[in-house]
Amino acid sequence: MENLQDVLDQMASGHAEAAPGEYEGPVTVRHGGTFDGHGATLWVAKGPALIVDTEGATIRNLRIEVVGDPVQDVAIVGGGHTIMFENVEVHGGITGVPGVAEDWHLPSGVALGDFAPDETNVVCASLELPEEAALECRMDGVRAEPTHLAAGHAGIRLTIDGMRAGTTLYGDLLLRTGGVVRRIYVSGRSLKGAAKRMDQLPADCDARKAAQEDGTSENANHGALSRETGTRGAAVQGAHDRKRRIPPSPSARGSVVLNAVHGQRVLVQDDVLTIRYEDGGRPSGMDIDAYVFSLYGNGKARSDDDLFFFGHRDGEAVALTEQSGVPDVVQLTLSKVPEDVQHLIVSYAIYDDGSTRSFSAVRAPVVRVTGAGQEAVFPLAGLSVEKTVVAVDIYRRNGAWKVHFVGAGYAAGLVRLCESYGLEVEG
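Each value, and the rule that gives it
Residues numbered from 1 in each chain as written. Predicted model: local features only at pLDDT ≥ 70, side-chain atom pairs only at ≥ 80, totals over all residues. Heavy atoms only, no water. Phe/Tyr/Trp six-rings, centres within 6.5 Å; stacked < 30°, edge-to-face > 60°. Helix = DSSP H or I, 4+ residues; strand = E, 2+ residues; numbered from the N terminus. Buried < 20%, exposed > 50% of the residue type's maximum accessible area, 1.4 Å probe, protein only. Contact = heavy atoms within 4.5 Å. Pairing = 2+ DSSP bridges. Axes fitted to C-alpha atoms, helices over the stretch in contact; angles between N-to-C directions. Polar contact = N/O pair within 3.5 Å; in protein donor to acceptor, adjacent residues only side chain to side chain. Salt bridge = Lys/Arg side-chain N within 4 Å of Asp/Glu carboxyl O. Core = buried A, V, L, I, M, F, W, Y, C linked by side-chain atoms within 4.5 Å.

### Describing the packing of aromatic side chains
A complete count under the given rule lists six aromatic pairs for this structure. An angle of 40° between the planes, with centres 5.2 Å apart, marks the rings of Tyr277 and Tyr348 as tilted. In this pair, Tyr277 sits in strand β20 (residues 272-278) while Tyr348 sits in strand β25 (residues 343-350), placing the two residues 71 residues apart along the sequence. An identical accessibility class is assigned to Tyr277 and Tyr348; each is buried.

### Thoughts on the environment of Leu50
Position of Leu50 among the secondary structure elements: in strand β5 (residues 50-52). Leu50 sits in the buried class, given a relative accessible area of 1%. Through-space distance from the C-alpha of Leu50 to that of Ile94 is 9.6 Å; in sequence the pair is 44 residues apart. Excluding residues within four positions of it along the chain, Leu50 makes contact with Val27, Val29, Leu42, Ile64, Ala75, Ile76, Val77 and Phe85.

### Here's the deal with the sheet that holds strand β9 (residues 93-95)
Read from one edge of the open sheet, four strands run β3-β5-β7-β9, paired in parallel fashion. The outermost strands of the open sheet, each flanked by one partner alone, are β3 (27-29) and β9. Each adjacent strand pair in this sheet contributes to an overall mean axis angle of 25°, direction not counted. Pairing of β3 with β5, which is carried by three bridges, proceeds in the parallel orientation. Considered in β5, the bridge of Val27 is made with Leu50.

### What to know about the environment of Asp393
Position of Asp393 relative to the elements: it lies in strand β28 (residues 388-397). Once residues lying within four places of it in the same chain are set aside, the contact partners of Asp393 are His343, Leu344, Ile345, Lys402, Val403, His404 and Val406. Within the structure, the side chain of Asp393 is placed 3.0 Å from the side chain of His343, a separation counted as a polar contact.

### Section: the side chain of Asn121
Position of Asn121 relative to the elements: it lies in strand β11 (residues 121-129). Overall, the relative accessible area of 0% leaves Asn121 in the buried class. Separated by 2.9 Å, the side chain of Asn121 and the backbone oxygen of Ala116 make a polar contact. Setting aside residues no more than four positions away along its own chain, Asn121 makes contact with Phe115, Ala116, Leu158, Thr159, Ile160, Ala195, Lys196 and Arg197.

### Details of the sheet that holds β11
Pairing is antiparallel in the open sheet, where three strands are placed in the order β11-β15-β13. Each having just a single partner strand, β11 and β13 (142-145) make up the two edges of the open sheet. Averaged over all pairs of adjacent strands, the angle between strand axes in this sheet comes to 20°, irrespective of strand direction. Inspection of the sheet shows β13 paired to strand β15 (residues 152-160) by four bridges, in the antiparallel sense. By the bridge assignment for β15, Ala144 is matched with Leu158.

### Things to note about unusual backbone geometry
It is generally the case that most residues other than glycine have a negative phi and that most peptide bonds are trans. At the junction of Gly25 and Pro26, the peptide bond is cis and its omega measures out at 10° in the coordinates. Its place among the elements puts Pro26 in the loop between β2 (22-24) and β3. Each neighbour pair has its own omega, and for Glu145 with Pro146 the value is -10°, a cis peptide bond. By the secondary structure assignment, Pro146 is in the loop between β13 and β14 (148-149). Its identity is not glycine, yet His38 carries a phi of approximately 50°, on the positive side. Secondary-structure assignment places His38 in strand β4 (residues 33-44). Of note in the backbone geometry, Asn87 takes a positive phi value of approximately 60° without being a glycine. In this fold, Asn87 is placed in strand β8 (residues 83-91).

### Considerations on the pairing of β4
Among the twelve residues that make up β4, twelve are buried, leaving the element largely enclosed by the rest of the structure. Direction of pairing for strand β1 (residues 15-17) relative to β4: parallel, over a ladder of three bridges. Counterpart to Glu17 in the pairing with β4 is Asp36. Sheet topology places β2 next to β4; three bridges connect them, and they run parallel. By the bridge assignment, Tyr23 is partnered in β4 with Leu42.

### Some points on the environment of Glu55
By secondary structure assignment, the location of Glu55 is in the loop between β5 and β6 (57-66). Among the residues examined, Glu55 registers a relative accessible area of 44% and is labelled partly exposed. Polar side-chain contacts of Glu55 include one of 3.1 Å to the side chain of His81. At 3.1 Å, the side chain of Glu55 forms a polar contact with the backbone nitrogen of Thr82.

### Brief notes about the pattern of salt bridges
For the coordinates displayed, the defined rule picks out 18 salt bridges. The salt bridge involving Arg265 is made with Glu65; its shortest N-O contact spans 3.1 Å. In this pair, Arg265 sits in strand β19 (residues 265-267) while Glu65 sits in strand β6, placing the two residues 200 residues apart along the sequence. Of the residues examined, Arg265 reaches a relative accessible area of 15% and is grouped as buried.

### Some points on the nonpolar core
Counting residues in hydrophobic clusters, the biggest one holds 47 residues, and the most contacted among them are Leu4, Phe35, Ile59, Ile64, Ile76, Phe85 and Phe293. Here this core gets five residues from one element, more than from any other, and that element is β6. Not counting residues within four places of it along the chain, the set of residues in contact with Ile76 comprises Leu50, Ile64, Phe85, Val90, Gly93, Ile94, Thr95 and Val97. Among the nonpolar cores identified, the runner-up in size contains 38 residues, and Tyr296, Leu320, Val362 and Val392 belong to it.

Function cannot be inferred from these measures alone, as they are strictly geometric.
Shown next, in the form of structure tokens:
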């Protein structure tokens, strides 16, 4: 991948942007101007990840994460400089940024536990917030109230529509304060024989009136947020983003299924990986094609031979198999990947017929990454104006292969994606 510090230094000209992907920090903002991360992740094992050393910069569409202890460690050090954030997801503390509260101590996960299937369940929990925040729920079949949380003790009520027995619920809640986004992962399961949940918001929460106005029983029990280890997420998406409940594919029956989220990284334990794209429907005549990029240590391809698509389906480690109505199935044999190749980027692009069609017209796109006895299901949620999306980055680090679930792309389409990886496109 390109060096993110070098990219940030291009802000001296007024604007800089990075390709979707994962970048190790720390980095320093030295110039005013605008930086667009296009959903990229900036991470460090120990903070800070981003240091601000200038006035008047704007950072947008970036995820900033402290991997070690995001609850206690600082992700951004502002140094008292004024900086604007737009759609920046932060896992870790923020200090020295005027107008941004510092005392955030959110749990990484909400464990809902088991709840009754085929029933409407209500689960309540409380948070302590240093400033007011907008609440966004990104789970199909789940409603979160209220949508605005006051500072102090804030209560959240999750109403779960009837789910069939055995359904695993996994998704997230977003707390938005201006241009900064904080994420809490949510998990639970509808289990046959489990009790129906009808929780009451804690009485000391500012949002208790919402429960009283709804007529919720005063005698019901209330839940609480747990400090479980959350899966590391990534690129921040728009308010239309929704996680959906996805059953295993027929090929994965009897295997372990992981419901992956944006930004998650998973160690690969298999030599052969199969990547399949599915969706719940799209307009007639809209074609989506698979593209696989082989990238080297500098994050770039060397020639057109490093791009695999419908016109170049077979390589030593990459094979694409045509199937009717959906993009090619991608098969990767990691033991055959040349030693100097560091990344295999699997992406999908809408065929450019000159129209304004984008992924906003595609219902519930999802990618399945399957190995021997395990499968990761990754919803490509939150896409809107994008014509091209980087789905997953299979990368080599310290002799091991990992999958990074990206789910971000470009409105400019395939040409912009190719250029970001060092390939020129004619016409």
